[in-house]
Structure formats: C-alpha cells, structure tokens
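Geometric and topological summary
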Amino acid sequence: MRIPNIELRNMTILVTGATGFIGANLVMKLLRSASPVNIVGIDNLNEYYDVSIKEYRLKQIETLAAKHSESIWTFIKGNIADKSLIEQIFKGYQPAIVVNLAAQAGVRYSITNPDIYIETNIIGFYNILEACRHSYDNDEPGVKHLVYASSSSVYGSNKKIPYSTDDKVDNPVSLYAATKKSNELLAHAYSKLYNIPSTGLRFFTVYGPAGRPDMAYFGFTNKLREGKTIQIFNYGKCKRDFTYIDDIVEGVMRVMQCAPEKENGEDGLPLPPYRVYNIGNNQPENLLDFVDILQQELVRAKVLPADYDFESHKELAPMQPGDVPITYADTTPLERDFGFKPSTSLRTGLGKFAEWYKEYYQV
Ligand SMILES: NC(=O)c1ccc[n+]([C@@H]2O[C@H](COP(=O)([O-])OP(=O)(O)OC[C@H]3O[C@@H](n4cnc5c(N)ncnc54)[C@H](O)[C@@H]3O)[C@@H](O)[C@H]2O)c1
C-alpha cells in the first residue's frame, strides 16, 4: 500500500471538465468528504452532448457547496486550450492539486470531428502541463500532484487480456485513443524534465446517474423510450468492463492523495515521478447481457412498461470503425497501491441510472 502524502483538506484543487460526468461527481465527493477545501472548476460547457445535463450537474454542485460553506467553490466557464486563461488561473489560484478531466471524449465522434480532439486533448493538455511546470517558478511550492484522465482505449485491439499497464500500447485504433496515449507521453516528458508528480488514470467505460447521453446505456434508454430501434454493434459480441461512477471517483480521490515520490536515479538525475493506473471493474460483461440487465432495470424503475416488446426494438449490427471487441482492466496495481478496486455490480449501477433517469425526465 502506498502511504498518502497529500492531505486534501484545506488544499486548492483545480478540476478541469468540472461540469462533465466524472468531474462533477468528483467535485461533489470532494465537498462531501474533504471539506474545508478550495475547489476551482473550469469547463467550457460545450455542446457535444445536451448542455442541460452539464447545467444540472453544475446546479447540484452549487447546492452542495452552499451546504458546505466552510469550503470555497469557484466556477470558471472557459476553454483549457486558451493558454493565457490557464496561466491566469494558475497564477490567481495556485492550485496544489490539478485533476485534468476536460477532454473531447468519444471514439466515433473523433472520426467526423478530429479538430476538436487536437485542440482540447493535445493543446489543452499541453497548456495544463506548461502551467504545472511554471507553478514552481520563483521557488513557489507549485503543483504537488497532477492527476489526468487517460482511457482504456489506449489498449487498442490488444489481444492479451486483462489489459495491464505493463502492456505495449503503441497501436491506437482511433484519434481519441491516440490523443490519450499522447497525454501519457507528454506527462512522462514533463514529469522527467520538470519533476512534476503526475498520475494518469485509464478509465474503463464509466456509467451512472446523470452520465453521458452519448454513451450506449443512455442512448439505448432514450431510443427505447422513443420507440426506436437500438443497434447492438459487433452483433453483441463485444465485452466491456463497465465501471460505476462512484467507484471511479473513489479511485480518483485515493490516487490524488498519493503523489509519486520525487527520487533520483543512479545517474543522480531525477527519475520521473510518474505513474499510470487502470481503473476498471475487472469483470467484463457481454453487451447482450448488459442490454438485458438495462431492460430489466428500466422496467423495474418504471421508465418502460413491463410488457415492452424489447425484441422488436433490437438490431444486431457489424463493428464500427474505432471500436474494440473487449475492454478488461487488470486492477492488480490499483489494489496493491490503494487497497481498492471497483466493485459495484452492473445491476446495482444500472438500477441507479434508471431511477435517476425516471426522475430527471419525469417519465
Ligand atoms: N466516461 C468514460 O467512460 C470515460 C472512459 C475513459 C476515459 N474518460 C475520460 O475521462 C474524462 C472525463 O470524462 P467524462 O465521461 O466526464 O466526459 P464529459 O464529456 O462528461 O466531461 C468532459 C467535460 O470537459 C468539458 N470540456 C471539453 N473540452 C473542454 C475544453 N476545451 N475546455 C474546458 N472544458 C472542456 C466538457 O464540457 C465536459 O463537461 C475525459 O478526459 C475522458 O476522456 C472517460
């Protein structure tokens, strides 16, 4: 087990992508369990998916922040690709911990909209790294830990499962995956050159209440409700390590408190204080089983009627470009270092999603 070397209480924490699915849940968990804390959130509230869900999450954060008046919550609407804005934020707030979750996500969207992936995931991330680097100028204590989102998609179509962080990940099959792998490379170089403690987290298919409408479980639910047909790719033969949002946030919080130690190598030069972990459920589920559980939970939560004819609303379709047949996380290092691994079952997690969906859309 690694011993925490950062106390989150009384820290200034910058969270990028703060109104995003993972970002908003992280901010709320910090308010609940690390108050008093000073959180600065940045997000450009872009329209990649329904902005009202981001606004809803922002409102949830504000309500919670009002209850935790001992903490400070500051929201900045802005773009991480705007270098001068990022410089200004780092100078003004001097965050000790930075959690970079802002990104253009999605594998399929990167085929039709490549520019935005370079802008946010590459230039935006580079701006964060540069700001971390200059946070130590004039002997300032600077950033103690940079935690950033990578993705299971870096494993491409690797055949060896479960996916281990020791595996070679040089064959991305989408631009999205290539940008995430690039983030790890850039972070490594900056950790080595400027001694920035950094940890990359490869998240595996995250789901839950107020999640992302562009993801399958959410999109399927919308379509079924509208009486449309859902397409199940790779003829349902895909397997995914679905990871419940609370497990992801728990993992991120534990990681945030353990910055990689600064050490010197045999040559007397600093070794990069750099780590990468998988955070996944370590239990891949077949897509058809997943759809089956989703259906049952939607009926149980009364989003859909008990006599809904699911079979006539399902179509098996071939694999899509950029997709991979399986994702499966080896979480041994996560368990070894943090005594934790995700454990929420698909039924519990999808049940919570279905209940949230019913209330949110007032079904
Ligand atoms: N959800 C998953 O299954 C999953 C899996 C693997 C990796 N990830 C990664 O985790 C991170 C968070 O994912 P999420 O599911 O919360 O996605 P999300 O899209 O809900 O959140 C990302 C947030 O970043 C914001 N954003 C995008 N570009 C920005 C920019 N240029 N400047 C400022 N804000 C910007 C968006 O408005 C959004 O609110 C992302 O880096 C994503 O790539 C997510």
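Preceding this paragraph is the structure being described.
Here goes a summary of the coordinates provided. Just so it is clear, the model here is predicted, and its values are computed rather than measured.

All right, on to the site of the ligand then. Lining the immediate surroundings of the ligand are 28 residues, of which D43, Y49, N79, Y176 and V206 lie closest. Within the side chain of Y176, a nitrogen or oxygen atom sits 2.6 Å from an oxygen atom of the ligand. One of the backbone N or O atoms of V206 is found 2.7 Å from an oxygen atom in the ligand. A total of 820 Å² of accessible area belongs to the ligand in isolation, and the protein chains cover 97% of it. The class makeup of the residues in the shell around the ligand is 13 nonpolar, eleven polar and four charged.

Glancing now at helix α6 (residues 175–194). Between its first and last C-alpha, α6 extends 28 Å over 20 residues, near the 28 Å set by a 1.5 Å rise per residue. Where α6 is buried, its residues contact α4 (109–112), α5 (114–134), β5 (145–151), β6 (198–203) and β13 (274–279). Directly after α6, the chain includes N195, whose backbone phi takes a positive value near 60°.

What follows deals with the nonpolar core. Core analysis: the largest hydrophobic core is formed by 75 residues, its most contacted members being I13, L26, F203, Y217 and M256. Ignoring sequence-local partners within four residues, the contact set of L26 consists of V15, V99, L101, V249, V252, M253 and M256. Residues I80, I89, Y136 and A187 belong to the second largest nonpolar core, which totals 24 residues.

With that settled, consider the environment of I42. With respect to the helices, strands and loops of the structure, I42 is situated in strand β2 (residues 38–43). Overall, I42 belongs to the buried group, its relative accessible area being 1%. Separated by 320 residues in the primary sequence, I42 and Q362 place their C-alpha atoms 30 Å from one another.

Approximately 410 Å³ is the volume found for the second largest pocket. For the second largest pocket, the lining is made up of 18 residues, of which F90, K91, Q94, H134 and S135 are closest to its centre. Those elements that provide at least two residues to the lining of the second largest pocket are α3 (83–93) and α5. Residue composition of the lining of the second largest pocket, grouped by class: six nonpolar, five polar and seven charged.

With that settled, consider the state of the cysteines. Following the criterion strictly, the structure yields zero disulfides and no others. Looking at the unpaired C258, the closest cysteine sulfur is the one in C132, lying at 18 Å.

Another aspect to go through is empty space enclosed by the protein. Where empty space is left in the structure can be found by rolling a water-sized probe over the atoms. What the rule picks out here adds up to one cavity of 30 Å³ or more. Put simply, the largest cavity is a space of about 30 Å³. Among the secondary structure elements, those contributing two or more residues to the lining of the largest cavity are β13 and α10 (332–338). In terms of residue count, β13 provides more of the lining of the largest cavity than any other element does, three residues in total. Among the residues forming the lining of the largest cavity, the class breakdown is four nonpolar, three polar and one charged.

Take the side chain of N121 next. Relative to the elements of secondary structure, N121 occurs in helix α5. Within polar-contact distance, the side chain of N121 engages the backbone nitrogen of Q104 at 2.7 Å. Setting aside anything within four residues of it in sequence, one finds N121 in contact with A103, Q104, I116, Y176, T179 and N183.

This next bit is on the pattern of salt bridges. Inspection of the entire model under this criterion finds 17 salt bridges. Across the salt bridge formed by R9 and E7, the nearest N and O atoms sit 3.7 Å from each other. The partly exposed category is assigned to R9, whose relative accessible area is 40%. For the salt bridge of R336 with D337, the shortest nitrogen-to-oxygen distance reads 2.9 Å. Because the salt bridges share partners, they merge into one network encompassing E297, R300, R347 and E355.

Moving on: helix α9 (residues 287–300). Between its first and last C-alpha atoms α9 spans 20 Å; for 14 residues at 1.5 Å apiece the expected length is 20 Å, and the two agree. Restricting attention to buried positions, one finds in α9 the residues L287, F290, V291, I293, L294, Q295, E297 and L298. Residues of α9 that are buried make contact with α7 (216–225), β8 (230–232), β14 (285–286), β15 (314–316) and α11 (346–360). Two to three positions downstream of the cap, the backbone nitrogen of L288 sits 2.8 Å from a side-chain oxygen, assigning the N-cap of α9 to N286. Backbone geometry just after α9 places K302 at a positive phi near 65°.

Definitions and limits used
Residues numbered from 1 in each chain as written. Predicted model: local features only at pLDDT ≥ 70, side-chain atom pairs only at ≥ 80, totals over all residues. Heavy atoms only, no water. Near = heavy atom within 4 Å. Polar contact = N/O pair within 3.5 Å; in protein donor to acceptor, adjacent residues only side chain to side chain. Areas by Shrake-Rupley, 256 points an atom, 1.4 Å probe, with all protein chains shown as cover. Nonpolar A, V, L, I, M, F, W, Y, C, P; charged D, E, K, R; others polar. Helix = DSSP H or I, 4+ residues; strand = E, 2+ residues; numbered from the N terminus. Expected span 1.5 Å × (residues − 1). Contact = heavy atoms within 4.5 Å. Core = buried A, V, L, I, M, F, W, Y, C linked by side-chain atoms within 4.5 Å. Buried < 20%, exposed > 50% of the residue type's maximum accessible area, 1.4 Å probe, protein only. 1 Å grid on protein atoms, 1.4 Å probe; cavity = no way out; pocket = protein on both sides within 12 Å on 5 of 7 lines; lining within 4 Å. Points joined across faces, edges and corners; volume = space filled by probe spheres on them. Disulfide = S-S within 2.5 Å. Salt bridge = Lys/Arg side-chain N within 4 Å of Asp/Glu carboxyl O.

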